[in-house]
There are 4 protein chains.
Amino acid sequence: MNRYTYPCPLRWSDADANGHINNAVFLRYMEEARTRMFREVLATDEEGRRRNAFVVARATIDYKAPLTYRDEPVDVHVRTVKSAGASFELAYEIRDADRLYAEAVTVIAAYNLDTGRLRRLSADERAFLARYSSP
Amino acid sequence: MNRYTYPCPLRWSDADANGHINNAVFLRYMEEARTRMFREVLATDEEGRRRNAFVVARATIDYKAPLTYRDEPVDVHVRTVKSAGASFELAYEIRDADRLYAEAVTVIAAYNLDTGRLRRLSADERAFLARYSSP
Amino acid sequence: MNRYTYPCPLRWSDADANGHINNAVFLRYMEEARTRMFREVLATDEEGRRRNAFVVARATIDYKAPLTYRDEPVDVHVRTVKSAGASFELAYEIRDADRLYAEAVTVIAAYNLDTGRLRRLSADERAFLARYSSP
Amino acid sequence: MNRYTYPCPLRWSDADANGHINNAVFLRYMEEARTRMFREVLATDEEGRRRNAFVVARATIDYKAPLTYRDEPVDVHVRTVKSAGASFELAYEIRDADRLYAEAVTVIAAYNLDTGRLRRLSADERAFLARYSSP
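Residues numbered from 1 in each chain as written. Chains lettered and ligands numbered in written order. Predicted model: local features only at pLDDT ≥ 70, side-chain atom pairs only at ≥ 80, totals over all residues.

1. With respect to the overall build of chain A
Put simply, the rule is: Working definition: helices are DSSP H or I runs of at least four residues, strands are E runs of at least two. Numbering for both runs from the N terminus. Between the two quantities, the radius of gyration covers C-alpha atoms and the globule rule is 2.2 Å times the number of residues to the power 0.38. The burial label depends on the number of other C-beta atoms within 10 Å of a residue's C-beta. Counts of 20 or more mean buried, 12 or fewer mean exposed, and intermediate counts mean partly exposed, with C-beta atoms placed from the backbone. This entry defines residue contacts through backbone-placed C-beta atoms, with two residues in contact when those atoms are within 7 Å.
Tallying secondary structure elements over chain A gives 3 helices and 6 strands in all. Order of helices (α) and strands (β) in chain A, N terminus to C terminus: β-α-α-β-β-β-β-β-α. Against the compact-globule benchmark of 14 Å for 135 residues, chain A has a radius of gyration of 16 Å, which places it among compact chains. Taking the principal axes of the C-alpha coordinates as reference, chain A spans close to 40 × 35 × 25 Å. Counting all 135 residues of chain A, 35% fall into the buried class. For chain A, the share of sequence-separated contacts (at least 6 apart) that also reach a separation of at least 24 residues comes to 68%.

Following this line, the structure appears as structure tokens:
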């Protein structure tokens, strides 16, 4: 399957006073998986990185089962759902092999942090995203 | 208008390396507004609190404009969209008077943390939620 | 008394799975008080801000009593202990009028984020720090 | 050497608006290493865990070099410095093989979360701590 997987280590501090990994922390896990997935297409210099950034424009997440702290990482699977001129959609599953904790979709906009404006996805970025889309 | 408003103070650490309040932090702001809004219907003893808890079952958030750190709080407006037997929906606007940063909806499930099972909303909880719904 | 006070609002998510405001979060409260205190001497443009930044070089904190989440802010008092050519010391008390939760000292270095080198405190910065030192 | 090492994975969100891993986050890294180190002596049931908890009573940390986000974990080394009836001291180094980012000491108190009182370290806990002390 054409997806990226980051086995995301939990932190004890990710749990809230209810003893569950807090709902907002799931967005951190998704961000961390996405950051690692995109390392190869991100500019390596600060100026290029700011001109060719990405920002989250929309997020939808369904919490399916409570996740509690443990030593073992939780898998964050990421795949491309669709891609347009200046944005794309990623779908996520946060899960163990036999248990789904959450599934989510984010719309990500290609964004120039210096001008504060949307930008077009480059050919390299589109090719990169295509590698993680299901046939 | 029948809504609850929490003027939520920002923290410098809410901004990420891009200099914007991070997308996951918006869920913290919503949680904080909700926590304060619900203080009056929450059980005050730990046992009651765990038996009559709430958990986020679904969240959808649209980011409309970048929010940067400043001294002034940002308003988090919360209102009830609908209410069912064991869950309800809240809608949020995170905004200044003249600028909308994000709008969101969460489905919240009434939940017993000790049994790990859904529970029914009480009459008091339903009456409380009704106060924040638009006519 | 020559000190700066920020009444720091708590967040429910500051509590950890033990139900106490987490020890690391106290450093956030101190950072937030410091950030607000220093607003008037900080450069307002991004380039000036990076050239005239401050970084924490050392922190010592004593936790005196557990702090639990509540609606009311907790006071963070900050005063200057001493000031040298390229660094200074701040002392903090995190407390209610009648209860001390933590006291702390941080050594702060004047730092140029762009060169990664220490810098000298300006006359304005030294005058600012002197205003918060006890006679 | 008698020490515990946790190769702690960084998160992009650990960096602050200055682009460095935030000073407060180092306490999270230390907490995470400590939590994993202590798994084998911690009670596995919630009641035992609360009666036989640990809390940070004092922390001192020296920041030696800026740490920036990268894919590779950073090593958190932990060793016992000393141990008394109801508390003990741990020393930490947060480092790569060739670069020290921070060193720290925490005083940890043995604590009963339900009574809010200190408790005595058990023989098992003392034996566990002795394994990580230098000869």
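Read on for the rest.
2. Description of the relation of the copies chain D and chain C
The two chain copies are related to each other by a rotation about an axis together with a translation along it. Test applied: Superposing copies: least-squares fit, C-alpha atoms only, residues required to have pLDDT of at least 70 in both.
Each copy of the sequence occupies a distinct position, and chain D is placed on chain C by a rotation of 180° and an axial shift of 0.0 Å, giving an RMSD of 0.0 Å. A rotation of that kind, with that shift, is consistent with a two-fold axis. Taking the C-alpha atom as reference, chain D places D:Thr60 closest to the rotation axis, 2.1 Å from it. Most of the interface of chain D is mirrored in chain C, where 100% of its interface residues again form contacts.

3. A closer look at the interface of chain B and chain D
Our working definition: In this classification, Asp, Glu, Lys and Arg are treated as charged, Ala, Val, Leu, Ile, Met, Phe, Trp, Tyr, Cys and Pro as nonpolar, and every other residue, Gly included, as polar.
Across the contact, 7 residues belong to chain B and 7 residues belong to chain D. Here the side of chain B that touches chain D is composed, by residue class, of 3 nonpolar, 3 polar and 1 charged.

4. Things to note about the interface of chain D and chain C
Taken together, the contact pairs 16 residues of chain D with 16 residues of chain C. Residue contributions to the side of chain D that touches chain C peak at 9 residues, all from strand 2 (residues 53-63) of chain D. Of the residues assigned to the side of chain D that touches chain C, the class counts are 9 nonpolar, 3 polar and 4 charged.

5. So, the confidence of the model for chain A
For clarity, the threshold we go by: On a scale of 0 to 100, pLDDT captures the predictor's confidence in every residue.
Taken residue by residue, chain A gives an average pLDDT of 95. The fraction at 70 or more is 99%. In the predicted complex, the global pTM is 0.96; the interface-specific ipTM is 0.94.

6. Considerations on the relation of the copies chain B and chain D
When chain B is brought onto chain D, the operation consists of a screw motion whose angular component is 180° and whose axial shift is 0.0 Å, with 0.0 Å RMSD remaining. Interface overlap between copies: 100% of the residues of chain B at the interface are likewise at the interface in chain D, consistent with a symmetric, same-surface contact.

7. Observations concerning helix 1 (residues 23-37) of chain D
One full turn of an α-helix is made of 3.6 residues, so residues set three or four places apart face in the same direction. All names here are of chain D. How we decide: Residue count minus one, scaled by 1.5 Å, sets the expected span of a helix.
Taking 1.5 Å as the rise per residue, helix 1 with 15 residues should run 21 Å; its terminal C-alpha atoms sit 22 Å apart, in good agreement. Burial analysis of helix 1 places 12 of its 15 residues in the buried class, the great majority of the element. Buried residues of helix 1: Asn23, Ala24, Val25, Phe26, Leu27, Arg28, Tyr29, Met30, Glu31, Glu32, Ala33 and Arg34, and no others.

8. Quick word on the pairing of strand 4 (residues 87-96) of chain C
All names here are of chain C. Condition: The rule for pairing is simple: two strands pair if DSSP sees at least two bridges between them.
The sheet contact formed by strand 3 (residues 74-83) and strand 4 spans 8 bridges and is antiparallel. Its bridge partner being in strand 4, Asp75 is matched across the sheet by Arg95. The turn linking strand 3 back onto strand 4 is made up of 3 residues. Counting the residues between successive antiparallel strands, the hairpin from strand 4 to strand 5 (residues 99-112) contains 2 residues.

9. Observations concerning the packing of helix 1 (residues 23-37) of chain C against helix 1 of chain D
Selection criterion: Fitted lines through C-alpha atoms serve as axes, helices being fitted only where they are in contact, and the angles separating the N-to-C directions of these axes extend from 0 to 180 degrees. Orientation categories follow fixed angle ranges, with anything under 35 degrees roughly parallel, anything over 145 roughly antiparallel, 65 to 115 roughly perpendicular, and all other angles oblique.
Where helix 1 of chain C meets helix 1 of chain D, the axes come as close as 8 Å, and the angle between the chain directions of the two elements is 180°. Between helix 1 of chain C and helix 1 of chain D, the interaxial angle falls into the category roughly antiparallel. For the pair helix 1 of chain C and helix 1 of chain D, contact is made by C:Asn23, C:Ala24, C:Leu27, C:Arg28 and C:Glu31 and by D:Asn23, D:Ala24, D:Leu27, D:Arg28 and D:Glu31, respectively. Looking at the contact of helix 1 of chain C with helix 1 of chain D residue by residue, the classes come out as 4 nonpolar, 2 polar and 4 charged.

10. Side note on the pairing of strand 5 (residues 99-112) of chain B
All names here are of chain B. Bridge count for strand 2 (residues 53-63) against strand 5 is 10 bridges, and the pairing is antiparallel. When the bridges of strand 5 are listed, Ile61 appears paired with Ala104. Here strand 4 (residues 87-96) runs beside strand 5; their pairing, made up of 10 bridges, is antiparallel. The residue of strand 5 that forms the bridge with Asp96 is Arg99. Summarising the sheet, strand 5 and strand 6 (residues 117-118) pair through 2 bridges and their orientation is antiparallel. By the bridge assignment, Tyr111 is partnered in strand 6 with Leu118. Remark: 4 residues form the turn of the hairpin made by strand 5 and strand 6, two consecutive strands paired antiparallel; Gly116 in that turn has positive phi of roughly 70°.

11. Here's the deal with the environment of B:Tyr92
All names here are of chain B. When you line up the elements, Tyr92 lands in strand 4. For the pair Tyr92 and Asn22, spaced 70 residues apart in sequence, the C-alpha separation works out to 17 Å. Setting aside chain neighbours within four positions, we find Tyr92 in contact with Met30, Val76, His77, Val78, Glu103 and Ala104.

12. Some remarks on the environment of A:Tyr63
Summarising the element assignment, A:Tyr63 is placed in strand 2 (residues 53-63). It is 8.8 Å that separates the C-alpha atoms of A:Tyr63 and A:Leu100, two residues lying 37 residues apart in sequence. Not counting residues within four places of it along the chain, the set of residues in contact with A:Tyr63 comprises A:Asn23, A:Ala102, B:Val56, B:Ala57 and B:Arg58.

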